[in-house]
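Observations on chain architecture
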Amino acid sequence: MAATGVLPFVRGIDFTKNDFKTEAFPASVGKMTGLRWLKLNRTGLQTIPEELGNLQKLEHLHMMHNALEKVYGELTQLPSLRSINLRHNCIRTSGLPAEVFNSEELTTLDLSHNKLKEIPEGLERARSLLSVNLSHNMIEIIPNQLFVYVNDILFLDLSHNKLESLPPQTRRLVNLQTLILNDNPLGLFQMRQLPALTSLQCLHMANTQRSPSNLPPLLDTLVNLTEVDLSRNKLAKIPDCLFTVPNLKRLNISDNNIAGELNVAVGGWGEGEEGGEVGWVVRDLWTRLEVLNVCRNQLTALPPSLCKLTNIRRLYVNDNRLDFNGVPAGMGKLAALEVFSAAHNRLEMIPEGLCRCGALKKLILASNRLVTLPDTIHLISDSLEVLDLRDNPDLIFPPRPASMKQGAGVEFYNVDFSLHNQLRQAGAAKDLPPSMAGPSKDPIARKLRLRRRKDTNDSDNQDSAKILKGMKDVAKEKEKTNSQEGGALYESLKPKKWDESLEKPSLDYSEFFEPDVGQIPGLTVWEIENFLPNQIDESIHGKFYEGDCYIVLKTFLDDSNAISWQIYFWIGEKATLDKRACSAIHAVNLRNNLGADCRSIREEQGDESDAFLDMFGGEISYIEGGRTASGFYTVEDVEFPTRLYRIHPNGTGLHLEPVEVSPDSLDPRYVFLLDGGKRMFVWYGNKCKNTLKSKTRLMAEKISKNERKNESDIGTFHQGEETAEFWSLVGVAEDEEPPSEDDIEEHVPEDFVPKRSHLYQVGLGMGYLELPQVELPQGKMTRELLVSKHVYVLDCFGDVFVWIGKKSTRLVRAASLKLSQELVCMKDRGLNAMVTVVKEGTESQVFKSKFSGWDDVIAVDFTRTAESVRRTGADINAWAKKQQTKTDLSALFTPRQIPVPLAEAQQLMDEWNEDLEQMETFVLEGKKFVRLPEDEFGHFYSADCYVFLCRYWVPAQAEDGEPDEDAEDDFQCVVYFWQGRHASNMGWLTFTFSLQKKFESLFGEKLEVLRMYQQQEPMKFMSHFKRRFVIHQGRRKAAPPLPRQPDHADAPAPASAVEFFHLRCNGNPICCRCVQVAPDASVLNSEFCYILKVPFSQPGQEQESGIVYVWLGAKADPDEARLAEEIATELYDAERFSLQVLNEGEEPENFFWIGIGGKKPYDTSAEYMRYSRLFRCTNEKGYFSISEKCSDFCQDELDDDDIMILDNGEQVFLWMGPRCSEVEVKLAYKSAQVYIQHLRVKQPERPRKLFLTLKGKESRRFYKCFHGWSPRPQSSLC
């Protein structure tokens, strides 16, 4: 094959995974004198090829994973080398000449995974080195002069050597960012140079015999250090110097001897500024830590301070001795935690807070002693990507609570959300708002309007014209936007004609033009080729072929500095009809694609306008003939070369190995496909596989159908049954004797493996070509790798394909054809090798077979019939009926729950208390339940758990259901388990394994256990406290308090802190609670009562004293005011606290306002209490439904899996849980709109507006409807 002359223009080529051990290195590489980069990875080279000596411009050389022992010769003759990568070879120190490092341009050197025993001689000459990798060698010492001259290094890897120390000159590496010293015997090295490396970002010292004695005491100068690896060092604790690293993000301390509790310090002393003075202050440490790896140690506990590392994303504690008590309960505070891996430990349970980490994606608890998991595991089970619970034989997975069970998640979008339809389904009245009634027809008013319009028409004529022009511009802009979005958002009410009703097919202009066309001022020209526009290079603008047609686009800026266009289509004198028509059509398509207002202008050869000629400088030239071919089919006989393929299995598909067309190529173990164009034969060897027979037959049928218009005759026969026509195509002459069945021998090696295919992408720049290989994801070649705007060369050794994308340019196509010819000549491929051009959309079956999953040929079973499918029992009609959309929005149209009067509530409380015979109360202290003192009855703490054993009298009944006075009365025991908002599930677990079992043994079937949460108590339980139900923040008993941190809402408050309680009844006097809230004046409301304790004593005093205020709002209920005074009297000791009742407006200026943070504006009305409603939107029943929460709702009713609708009488809020589905979002939004429409009818005097709110972003207008709103629940410290 003749030389094409493109080799000097090749700038880069990738020969990775070509076999140059058994094949000769391509001599043509020496002709690529312009080569800038060359990849020869995994090619089996043992010496440097001589051809590399000619590559004087070579800058980047990669020869990884070969068998090189020395690099003398050609490598020393390359003066422009910038990077050398020789990793994974067999190079020794004597095999590296010093001349290799003479290049002043050398910046990257990788000699890792070789056999070096010393630093290569002459390395200090390469003073421009920025990256040096000498890992996995046998280097024992580093010369002192190396870092004297080479001191600009950014990356240095010396791991896996035999170094015992580093030279003192290491401190000169002030620009070093990455230092890797793993697996070196540096036990006696003190690392004193380390603090001088101020630019260091990554430090790896695994298995370097580190200890606190050979580490610097302080590393506070390393402000850029973010990653440290000290694994495999036998450390007994985390070195103190690491706590001085201010910006540490990733720490690996695995495979050490750290025992007991992990020493993690998150606070320490440091220099800083506080109160305007410079000095020593307490500052947070490791606040930016994101990854912590402490695997394979002897840890028994993680410190509670670990929960303060709120930025941590990955925590690995595998292979330790952690049990349930060793994992902090406050893990729920790690909001950014994504991975928690604790495999091979001793965990019986995990804290509930861990299941409340919203970002958690991977939870690995394999090989532990798990008995069960918290119920809250279901909160994250759907969002978890990995949940590994293997090798936990005693594990019983908790059942999904009924309130959390979701439906199948089917998306129901065909729902009629009209108010009329929803009212009809709910059975409500079909009232229409007054605004829906038709407009009144008043003839007098109409005349007056017409008269005013006539009088003002003349005077406002100019303004009206401006308005009309503006309206037209807006309408055009909207029409343009709607057309881009795929259609108009509205339809005209005017009836359309029959021809106007015909819908035009939508065109994807991206198939014809680039997305950025017409965005930059200048000239763009397309030629028509095969019915499509093809953009031409600027160098041939103004040169038109007489047999072609062109489209010309001029982009310019008008007077208002806006982009405008002029579109022309030029028609040659000898152009064919298809080119003429397509130039006009695509000129219009270009205008539509740009949204231009100009018209497309026709220009003909010899009759061009002056404006057209001016675009090309006033002169254009005509060239005889045509540059492009006509798109019409020409009737000619297509010649198909005769080819013989040996068939090999390739997964579910086939591999067609081209072989020489000769009888000697046949092998009885294989199937062969002989392609003669109009005649195709499938030859079956006596020992071939049956699966290959059917697949090869199907392949031949596909080739005939898709490529030969089904005109090829296909013949199949077994070995020994060949016809004379077959032998003639194979190459046996008529006067020769064809080989007999016994003459065909097995000659293909047993270990034959088809050559690996290489996919190259042809790159074209200003005067250069590149041929990089395409990276194959997971080692598989798929059709998605082929992009329409590129050209690819697929080298299959026997076949070389050139795939041309639809949007590729002409120059790249021409260059790819020449490169493919050169690529074929580079290797000895045999006489049967050939180059095939494949255009996008017309790929052959042989080409498709090279790609995984692209039209695989699989033997299909066509024996199934409609009758056989019907016998399976499938009923398509019944299935379709079940899929009909169902919704339930009836709760939106039911009236609001009527508040219960005090007298009725009092009567109900008396009845329930009469049935109560006895109540015993217990509280969790530590790890066991103890009896609650009587003076604490009715007082609850949000971080504690309580148990109430109630014995109720049950009157005896006769068989007819009537009371029987002679029968003996019975009883029933109910155990109420109360859990605070900030309490962990450990209390419930302790109860189930202790008290509950004891109660069950005592009462048997008469026992009923009810678990309840803070502010979600049943009314029967609430009635036993006679409206004196007080909820405190924090824990009941705690150690002496530390300074209060703002991020610990559940920590116990100091004994002398201000306490502020809010008394409120929600819809029923029984549901009356006195809840401790944040002491803030903005919480006050004129319709409620509050209790404020202001202490006088200082922290640490034995006796606490102060004053207690009972603040009564001006509009507060008198009964609630009396109740507030009684609660305040019982709450505080009268001898130490003086009680003062304040009416609104009579507050003293000193203690009262100071206690609640200063005087602030507050609400004077609680009108929302008479209108507030909370609805839950969910798909848990398998269809979309809405249910209403009772009037005594709290913030814990907001379920993360659902969407809530809150009505406060003025606004309607759509609250979205972080784990709600997209279906629920859309349906809930439509439901809220229906609800607002319904309220316009029922309450026209109180119009509502719809607002969207997210979890954690609630406004005061939203959370004021919830009694005792507090920050989002966190795990308790207990």
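Structure first, text after, so check above.
Criteria and cut-off values
Residues numbered from 1 in each chain as written. Predicted model: local features only at pLDDT ≥ 70, side-chain atom pairs only at ≥ 80, totals over all residues. Heavy atoms only, no water. Helix = DSSP H or I, 4+ residues; strand = E, 2+ residues; numbered from the N terminus. Buried < 20%, exposed > 50% of the residue type's maximum accessible area, 1.4 Å probe, protein only. Contact = heavy atoms within 4.5 Å. Pairing = 2+ DSSP bridges. Axes fitted to C-alpha atoms, helices over the stretch in contact; angles between N-to-C directions. Salt bridge = Lys/Arg side-chain N within 4 Å of Asp/Glu carboxyl O. Nonpolar A, V, L, I, M, F, W, Y, C, P; charged D, E, K, R; others polar. Phe/Tyr/Trp six-rings, centres within 6.5 Å; stacked < 30°, edge-to-face > 60°. Lys NZ or Arg CZ within 6 Å of the ring centre and 35° of its normal. Patch = residues over 30% accessible without salt bridge, like charges linked within 9 Å, V, L, I, M, F, W, Y side chains within 5 Å. Areas by Shrake-Rupley, 256 points an atom, 1.4 Å probe, with all protein chains shown as cover. Lys, Arg positive; Asp, Glu negative; His and termini not counted. Charge placed at Lys NZ, Arg CZ, Asp CG, Glu CD. Expected span 1.5 Å × (residues − 1). Arc of directions from axis to C-beta. Disulfide = S-S within 2.5 Å.

1. Notes on the overall build of the protein chain
Counting secondary structure elements, the protein chain contains 21 helices and 56 strands. For the protein chain, the residues scored as buried account for 46% of the 1278 residues in total. Long-range pairs, those at least 24 residues apart, make up 61% of the contacts in the protein chain with a sequence separation of at least 6.

2. Some details on the sheet that holds strand S40 (residues 916–925)
Read across the open sheet, the five strands follow the order S41-S40-S43-S44-S45; overall the sheet is mixed. What marks the edges here is a single partner per strand, and that holds for strand S41 (928–931) and strand S45 (1007–1013). Strand after strand, the sheet turns through a mean of 25° between neighbouring axes, direction not considered. Contacts between helix H15 (residues 986–993) and the sheet are confined to S40, S41, strand S43 (945–954), strand S44 (970–979) and S45, with S44 contributing the most and set at about 150° to the helix. Contacts between helix H16 (residues 995–1003) and the sheet are confined to S40, S41, S43, S44 and S45, with S45 contributing the most and set at about 150° to the helix.

3. Some thoughts on the pattern of salt bridges
As a working rule, side chains carrying opposite charge can pair if their charged atoms are close by. Applying the stated criterion to the full structure yields 50 salt bridges. Close ionic contact of Glu750 with Arg669 constitutes a salt bridge, the shortest N to O distance being 2.9 Å. With Glu750 in the loop between helix H9 (724–730) and strand S33 (758–761) and Arg669 in the loop between strand S29 (653–659) and strand S30 (671–675), the pair connects residues that are 81 residues apart, well separated along the chain. We classify Glu750 as exposed; its relative accessible area is 70%. Residue Arg669 is classed as buried on the basis of its relative accessible area, which comes to 16%. Salt-bridge contacts for Glu936 lead to Arg1036; the nearest nitrogen and oxygen are separated by 2.6 Å. With a gap of 100 residues between them, Glu936 in the loop between S41 and strand S42 (939–941) and Arg1036 in the loop between strand S46 (1030–1032) and strand S47 (1059–1065) connect regions that are remote in the sequence. Assessed through its relative accessible area of 13%, Arg1036 is described here as buried.

4. Things to note about the sheet that holds strand S56 (residues 1249–1254)
With respect to topology, six strands assemble into an open sheet ordered S39-S53-S52-S54-S55-S56, the strand pairing being mixed. Single-partner strands in this sheet number two, and they are strand S39 (887–888) and S56. Direction of pairing for strand S54 (residues 1203–1207) relative to strand S55 (residues 1211–1216): antiparallel, over a ladder of five bridges. Residue pairing across strands places Met1204 opposite Trp1215, the latter belonging to S55. This element, helix H20 (residues 1222–1242), spans strand S52 (1173–1178), strand S53 (1184–1188), S54, S55 and S56 of the sheet and lies at about 20° to S54.

5. Quick notes on the packing of H15 against H16
The interhelical angle for the contact between H15 and H16, taken along N-to-C directions, is 35°, at an axis separation of 3 Å. Residues Thr990, Phe991, Thr992 and Phe993 of H15 form the contact with H16, whose participating residues are Leu995, Gln996, Lys997 and Phe999. When its residues are assigned to classes, the contact of H15 with H16 shows four nonpolar, three polar and one charged.

6. A word on the packing of aromatic side chains
What the rule picks out here adds up to 55 aromatic pairs. With 6.3 Å between their ring centres and 50° between their planes, Phe922 and Phe999 make a pair best called tilted. With a gap of 77 residues between them, Phe922 in strand S40 and Phe999 in helix H16 connect regions that are remote in the sequence. For Phe922, a relative accessible area of 8% corresponds to the buried category. Among the residues examined, Phe999 registers a relative accessible area of 5% and is labelled buried. In this structure, Arg1246 packs its charged tip against the face of Tyr1171, placed 4.3 Å from the ring centre. Taking the ring centre of Phe1251 as reference, the NZ or CZ of Arg1261 above it sits at 4.7 Å.

7. Some remarks on the pairing of S43
For S43, a buried count of seven out of ten residues is recorded, marking the element as mostly surrounded by other parts of the structure. Where S40 lies against S43, seven bridges are found, and the strand directions are antiparallel. Opposite Gln918, over in S43, you have Arg951 as the bridge partner. Examined bridge by bridge, S43 and S44 share ten bridges and lie antiparallel to one another. Across the sheet, residue Val947 finds its bridge partner in S44, namely Phe977.

8. Thoughts on the environment of Ala366
Within the fold, Ala366 resides in the loop between strand S19 (362–364) and helix H2 (377–380). Beyond its immediate chain neighbours, meaning those up to four positions away, Ala366 contacts Ala342, Ala343, His344, Asp388, Leu389, Arg390 and Asn392.

9. Observations concerning a positive patch on the surface
On the surface, Arg92, Lys115, Lys117 and Lys162 cluster together to form a positively charged patch. Among the structural elements, Lys162 can be located in the loop between strand S7 (155–157) and strand S8 (178–180). Taking the relative accessible area as the measure of exposure, Lys162 reaches 45% and is therefore partly exposed.

10. Things to note about H15
Within the span of H15, buried status applies to Gly987, Leu989, Thr990, Phe991 and Thr992. Turning to H15, the residues buried within the fold contact S40, S41, S43, S44, H16 and S45.

11. So, helix H14 (residues 902–915)
Between its terminal C-alpha atoms H14 stretches 20 Å, which fits the 20 Å expected from 14 residues at 1.5 Å a residue. Looking at H14, one finds that the buried residues are Ala905, Met909, Trp912 and Asn913. For H14, the angular spread of the buried residues around the axis is 95°, confining them to a single face. Facing away from the buried side of H14 by over 90 degrees, the exposed positions are Ala903 and Glu914. Where H14 is buried, its residues touch S40, S43 and helix H17 (1019–1023).

12. Examining the state of the cysteines
Tallied over the full model, the rule gives zero disulfides. Summary of cysteine pairing: Cys950 is not part of a disulfide, and the nearest cysteine sulfur, belonging to Cys973, is at 9.0 Å. Look at Cys950 and you get buried, because its relative accessible area is 0%.

All quantities given are derived from atomic positions and should not be read as evidence of function.
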